[in-house]
Amino acid sequence: MAHPVLYLKKHEDQRLRKGHLWVFSNEIDTQRSPLEAFTPGDLAQIHSADGKAMGTAYVNPNTLICARLLSRKANLKCGQNFFKDRLSTALALREKAFAQPYYRLVFGESDGLPGVVIDRFGSVFSVQITTAGIEQRKTSLLDALVELFTPTAIVLKNDNGQRELEGLSLESEIAYGELPDTLTIEENGAHFNINILDGQKTGWFYDHRNSRAQLASMAKGLRVLDLFSYTGAWGIPAAQAGAAEVTCVDASEGALTLAAESARLNGVAERMQFVRSDVFEFLKQARLDNELYDIIVLDPPALIKRKKDFKQGYEAYRRLNHLALQVLGKNGILVSASCSFHLSRDNLQEILRSSGRHIDRHLTFFASLGQGPDHPIDPAIPETDYLKTFFCSVSSSL
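This is a predicted model, so every value here is computed, not measured.

S.K.: Tell me about unusual backbone geometry, residues and numbers included.
M.R.: Excluding glycine, a negative phi dihedral is what most residues carry, and trans is how most peptide bonds are arranged. In this structure, Phe228 is a non-glycine residue whose phi angle is positive, near 55°. Within the secondary structure layout, Phe228 lies in the loop between β13 (223-227) and α7 (235-240).

S.K.: Describe the domain arrangement of the protein chain, with residues and values.
M.R.: Domains assigned within the protein chain are domain 1 (5-71), domain 2 (80-181) and domain 3 (200-396). Centre-to-centre separation of domain 1 and domain 2, based on C-alpha positions: 25 Å. Each side of the interface is counted separately: domain 1 has 13 residues, and domain 2 has 15 residues. When the two sides are added together, the surface that domain 1 and domain 2 hide from each other amounts to roughly 1,100 Å², 52% of it contributed by carbon and sulfur. The three residues of domain 1 that bury the most area against domain 2 are Tyr58, Arg68 and Leu70, which together make up 45% of that side's buried surface. Applying the counting criterion to the domain 1 and domain 2 interface returns one salt bridge. Note that Glu109 is salt-bridged to Arg68, the shortest N-O span being 3.5 Å.

S.K.: Can you lay out the pattern of salt bridges for me, pointing to particular residues and giving the numbers?
M.R.: Under the criterion given, the structure shown has 20 salt bridges. One salt bridge in this structure joins Lys84 and Glu147, with 2.6 Å as the shortest N-O distance. Highlighted residues: Lys84 in helix α2 (residues 80-97) and Glu147 in helix α4 (residues 138-149), separated in sequence by 63 residues. Ionic pairing is found between Asp374 and Arg209, a salt bridge with its closest N-O pair at 3.2 Å. With Asp374 in the loop between β18 (361-369) and β19 (388-396) and Arg209 in helix α6 (residues 209-216), the pair connects residues that are 165 residues apart, well separated along the chain. Salt bridges sharing partners connect three or more residues here, namely Glu135, Lys138 and Arg163.

S.K.: Just give me the short version of the sheet that holds strand β5 (residues 65-71), but keep the residues and values in it.
M.R.: Here five strands make up an open sheet; going across it, the order is β1-β3-β4-β5-β2 and the pairing mixed. A strand with exactly one partner marks an edge of an open sheet, and here the two such strands are β1 (5-7) and β2 (22-24). The sheet shows a mean angle of 40° between the axes of neighbouring strands, taken without regard to direction. Bridging between β2 and β5 involves three bridges; their strand directions are antiparallel. Residue pairing in the sheet places Phe24 in a bridge with Ile65 of β5.

S.K.: Run through the environment of Phe391, naming residues and quoting values.
M.R.: Inspection of the secondary structure puts Phe391 in strand β19. Expressed as a C-alpha distance, the spacing of Phe391 and Ala337, which sit 54 residues apart in the sequence, is 8.8 Å.

S.K.: Please provide a residue-by-residue account of the UniProt feature "domain: S-adenosylmethionine-dependent methyltransferase" (unreviewed entry) in the protein chain, values included.
M.R.: According to UniProt, the positions carrying the feature "domain: S-adenosylmethionine-dependent methyltransferase" (unreviewed entry) are residues 174-349. What you have in residues 174-349 is 34% helix and 27% strand, and the ends, taken at the C-alpha atoms, are 41 Å apart.

S.K.: How would you summarise the pairing of strand β15 (residues 272-276) if you had to cite specific residues and measurements?
M.R.: By the bridge criterion, five bridges tie strand β14 (residues 245-250) to β15 in an arrangement that is parallel. Looking at β15, one finds that Cys248 is bridged to Phe274. Chirality of the crossover, the property in question, places the unit of β14, helix α8 (residues 253-265) and β15 among those that are right-handed.

S.K.: Quick one: what's the story with α8, residue by residue and with numbers?
M.R.: Between its first and last C-alpha atoms α8 spans 18 Å; for 13 residues at 1.5 Å apiece the expected length is 18 Å, and the two agree. If you check which residues of α8 are buried, you get Ala255, Leu256, Leu258, Ala259, Ala260, Ser262 and Ala263. Contacts from the buried residues of α8 go to β12 (190-194), α7, β14 and β15.

S.K.: So what's going on with the packing of aromatic side chains? Residues and values would help.
M.R.: Enumeration according to the criterion identifies 11 aromatic pairs in this entry. Geometrically, the ring pair formed by Phe125 and Phe149 is tilted, given 4.9 Å between the ring centres and 50° between the ring planes. Highlighted residues: Phe125 in strand β8 (residues 124-129) and Phe149 in helix α4, separated in sequence by 24 residues. Under the relative-accessibility criterion, Phe125 is labelled buried at 1%. Above the face of the Tyr7 ring, Arg32 is positioned so that its terminal group lies 3.8 Å from the ring centre.

Conventions we followed
Residues numbered from 1 in each chain as written. Predicted model: local features only at pLDDT ≥ 70, side-chain atom pairs only at ≥ 80, totals over all residues. Heavy atoms only, no water. Helix = DSSP H or I, 4+ residues; strand = E, 2+ residues; numbered from the N terminus. Domains from an automatic or database assignment. Contact = heavy atoms within 4.5 Å. Buried area = accessible area lost by both parts, 1.4 Å probe. Salt bridge = Lys/Arg side-chain N within 4 Å of Asp/Glu carboxyl O. Pairing = 2+ DSSP bridges. Axes fitted to C-alpha atoms, helices over the stretch in contact; angles between N-to-C directions. UniProt positions renumbered as here; feature names shortened; annotations may be inferred. Right-handed = clockwise from strand over helix to strand, strands pointing away. Expected span 1.5 Å × (residues − 1). Buried < 20%, exposed > 50% of the residue type's maximum accessible area, 1.4 Å probe, protein only. Phe/Tyr/Trp six-rings, centres within 6.5 Å; stacked < 30°, edge-to-face > 60°. Lys NZ or Arg CZ within 6 Å of the ring centre and 35° of its normal.

This is the structure:
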């Protein structure tokens with residue numbers, strides 16, 4: 001049986017033709033195909049104004065992004081075999097890039113599964129479903145995961161604001177198997193204890209893997225400050241690589257407790273300290289105390305989650321970088337990152353330029369990194385390219 005049709009308005013098919021997967025509610029010809037005829041999660045054929053089929057999408061008539069393409073094929077059957085095929089394709093890339101089973105297995109649209117993020121922690125999988133279209137088909141998705149991987153446990157991480165916009169529940173759950181009492185992963189030769197159920201996002205942030213390795217390679221003998229440290233993913237490898245001292249600062253006591261456990265696990269606890277504090281306040285006090293660090297990592301959470309928050313978020317990024325530079329020692333290194341899609345690479349570059357000039361320092365970039373290969377970027381979908389990281393050399397003014 002053919003799926004019902006959603007017709008686009010004239011000239012509103014260009015984004016899809018270029019490769020994007022999103023359809024916005026104001027692009028629908030609601031005279032020909034009323035959105036209210038659909039319920040959240042329904043499948044539909046997307047047709048251009050002249051009636052040409054553009055693919056199969058799932059629909060949520062109550063959201064701004066009212067449809068997301070799953071395939072360029074019309075009348076797609078979206079069952080277990082569909083998910084198994086997409087998961088297998090995603091797995092093939094990860095197995096080329098990584099020797100061990102610790103990575104982001106599915107990165108939403110880039111892997112042809114809009115509304116799905118899956119992180120793999122060995123035999124444990126953390127699944128984040130953010131749309132009604134995937135929620136309606138999660139049994140098929142989970143069945144495909146079980147068939148392909150025979151996991152120990154699958155956790156549904158539902159504590160996500162986007163689910164609320166889609167009218168979905170926010171309670172996380174163990175959907176399959178049983179979580180081990182302690183879950184340990186490996187990254188860049190270091191081991192970390194993680195907490196999926198109570199941790200942020202999926203429980204771990206794989207995206208900075210390459211940047212963290214770069215930092216560790218430069219840390220020997222130096223004093224390192226890891227701001228917004230979460231569970232120590234930057235700081236612990238730095239200590240393991242021979243940093244003289246590493247200070248991890250975060251507002252979450254639970255995250256710092258896990259970081260301390262991982263420090264002991266890696267045999268570097270004696271060279272690390274963990275400070276529970278608001279980062280802004282910590283940096284202000286560090287300046288008053290004349291504290292100076294050789295390397296500062298500034299990796300805050302997304303401070304601009306919506307376009308309308310840009311002005312306020314930009315100012316927060318500016319203040320953070322300005323404060324960090326004030327406690328950076330002579331010939332120091334600032335690693336400044338942003339995971340806010342709405343803060344462009346050029347925006348962050350300008351923040352760093354102006355902050356350096358404001359305190360009369362010579363600041364140059366010697367490395368510019370982004371997300372790792374388990375977060376592939378779709379060139380047709382700018383939103384998949386979100387992470388930017390500048391490694392800055394900071395010296396006295398010329």
